[in-house]
Amino acid sequence: MSMNDLFANDSGLEILGEGITLWRSAIDVARYVSDIEDLARRAPFRNMQVPRGRTMSVAITNCGKLGWISDTRGYRYSAIDPTRSAPWPAMPEHWLRDAAQAAQRGGFAGFSPDACLVNCYEVGARMGAHQDRDELDFSQPVVSISLGLSAAFAFHGETRSGTRRRIELHSGDVLIWGGPARLHFHSVAPVKAGLHPLCGARRFNLTFRRAGA
Ligand code: MD3
Ligand code: FE
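Computed from a prediction, not measured in an experiment: that's the story for all the values here.

(A) Region of interest: the layout of surface pockets. In this structure, the largest pocket encloses a volume near 1200 Å³. Those elements giving two or more residues to the lining of the largest pocket turn out to be β8 (115–122), β9 (127–130), β10 (142–148), β13 (174–177), β14 (185–188) and β15 (202–209). In terms of residue class, the lining of the largest pocket is built from 19 nonpolar, eleven polar and eleven charged.

(B) Spotlight on the environment of G12. By the element assignment, G12 lies in the segment before β1 (13–17). Residues in contact with G12, not counting those within four places in the same chain, are L22, W23 and R24.

(C) Representation of the site of ligand 1 in the model. Inspection of the region around ligand 1 gives 19 residues, with N119, Y121, H186, R203 and R209 positioned closest. In this structure, an oxygen atom belonging to ligand 1 sits 3.2 Å away from a side-chain N or O atom of D132. Notes on ligand 1: free accessible area 500 Å², of which the protein chains cover 98%. Taking a 2 Å distance to the grid points as the criterion, the majority of the atoms of ligand 1 fall inside the largest pocket. Counting only elements with at least two residues in the shell around ligand 1, the list comes to β8, β9, β10, β14 and β15.

(D) Seen up close, the pattern of salt bridges. All chains considered together, the criterion is met by eleven salt bridges. Here E14 and R24 are joined by a salt bridge, their closest N and O atoms 3.7 Å apart. Here the residue E14 occupies a position in strand β1, and R24 occupies one in the loop between β2 (20–23) and α1 (29–42), the gap between them amounting to ten residues. The exposure class of E14 is partly exposed, given its relative accessible area of 33%.

(E) Quick look at helix α2 (residues 93–105). Compared with the 18 Å implied by 1.5 Å per residue over 13 residues, the 18 Å span of α2 between its first and last C-alpha is a close match. H94, W95, D98, A99, A102 and A103 are the residues of α2 that are buried. Burial along α2 is one-sided: seen end-on, the buried residues are contained in an arc of 165°. Residues of α2 that are exposed and angled more than 90 degrees away from the buried face: E93 and Q104. G107, located one to two residues past α2, shows a positive phi value of around 100°.

(F) Looking closely at the packing of α1 against α2. Two numbers describe how α1 lies on α2: the axes approach to 11 Å, and their chain directions differ by 130°. One way to sum up the angle between α1 and α2 is to call them oblique. The element α1 and its partner α2 pack so that their crossing is left-handed. Seen from α1, the contacting residues are R31, Y32, D35, I36 and L39; seen from α2, they are H94, W95 and D98.

(G) Highlighting the packing of aromatic side chains. Counted according to the given criterion, the structure contains seven aromatic pairs. Consider the rings of F45 and F204, whose centres lie 5.8 Å apart with planes at 20°: the pair is stacked. Residue F45 is found in the loop between α1 and β3 (59–63), and its partner F204 is found in strand β15; the two are separated by 159 residues along the sequence. A residue is classified by how much of its surface remains accessible, and F45, at 23% relative accessible area, is partly exposed.

(H) View of the side chain of T207. With respect to the helices and strands, the residue T207 is situated in strand β15. Residue T207 is classed as buried on the basis of its relative accessible area of 8%. Looking at T207, its side chain comes within polar contact range of the side chain of R209, at 2.7 Å. Every residue in contact with T207, bar those within four places of it in the chain, is listed here: A115, C116, L117, V142, V143 and S144.

The rules behind these values
- Residues numbered from 1 in each chain as written.
- Chains lettered and ligands numbered in written order.
- Predicted model: local features only at pLDDT ≥ 70, side-chain atom pairs only at ≥ 80, totals over all residues.
- Heavy atoms only, no water.
- 1 Å grid on protein atoms, 1.4 Å probe; cavity = no way out; pocket = protein on both sides within 12 Å on 5 of 7 lines; lining within 4 Å.
- Points joined across faces, edges and corners; volume = space filled by probe spheres on them.
- Helix = DSSP H or I, 4+ residues; strand = E, 2+ residues; numbered from the N terminus.
- Nonpolar A, V, L, I, M, F, W, Y, C, P; charged D, E, K, R; others polar.
- Contact = heavy atoms within 4.5 Å.
- Near = heavy atom within 4 Å.
- Polar contact = N/O pair within 3.5 Å; in protein donor to acceptor, adjacent residues only side chain to side chain.
- Areas by Shrake-Rupley, 256 points an atom, 1.4 Å probe, with all protein chains shown as cover.
- Sits in = over half its atoms within 2 Å of the grid points.
- Salt bridge = Lys/Arg side-chain N within 4 Å of Asp/Glu carboxyl O.
- Buried < 20%, exposed > 50% of the residue type's maximum accessible area, 1.4 Å probe, protein only.
- Expected span 1.5 Å × (residues − 1).
- Arc of directions from axis to C-beta.
- Axes fitted to C-alpha atoms, helices over the stretch in contact; angles between N-to-C directions.
- Parallel < 35°, antiparallel > 145°, perpendicular 65-115°, else oblique.
- Left-handed = near helix turned anticlockwise from the far one by under 90°.
- Phe/Tyr/Trp six-rings, centres within 6.5 Å; stacked < 30°, edge-to-face > 60°.

Okay, structure coming up:
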């Protein structure tokens, strides 16, 4: 499949709600997995502390100009990886291109992400209900790509306790969130045991954001 063909077929496109678009199996999974392995050799996955002092079950790393970080002082974006005291690795060109193209297909032209958060879920890892609100401009969407083991993703709408809609996210799926859905609460249930041929007993999720100005 050539890069230009990635989103050429709209048949896998589902509109889940206003500003929420899902493409099933939209990307070249093997290429992303090998890029993630490269990235993790340079900026290793780590389990960060959250402000209340617990440790996230999801391990993270970042690439791009800015990276999302968490510690007992709070959540924020930083140009410096605190573990290595060095800038985050650059975002692979094809990641940028795919994210911008996905955003455009989701109705958000001109998306130019400056941050890519890479989540690594081992079996049992989960993410509690939260909003993504550490970015400057909420008119910019978030593009997410899932790889490896599947996960039960839930979106709760405007409140943490809102009615949940669940969807199963599989390897290669791409989700776009923007407009009225941009600040929706969402969560990921504990990842179930399994073995993915390329990722082993893990799930990766990339989220592309425009964090800064
Ligand atoms: C809805 N990651 O890193 S991706 C996160 O699967 C995060 O690892 C999840 O939530 C994961 O913050 C979910 C789907 C997603 C990403 C961003 C969103 C849903 C979103 C931003 C706003 C609303
Ligand atoms: Fe999120």
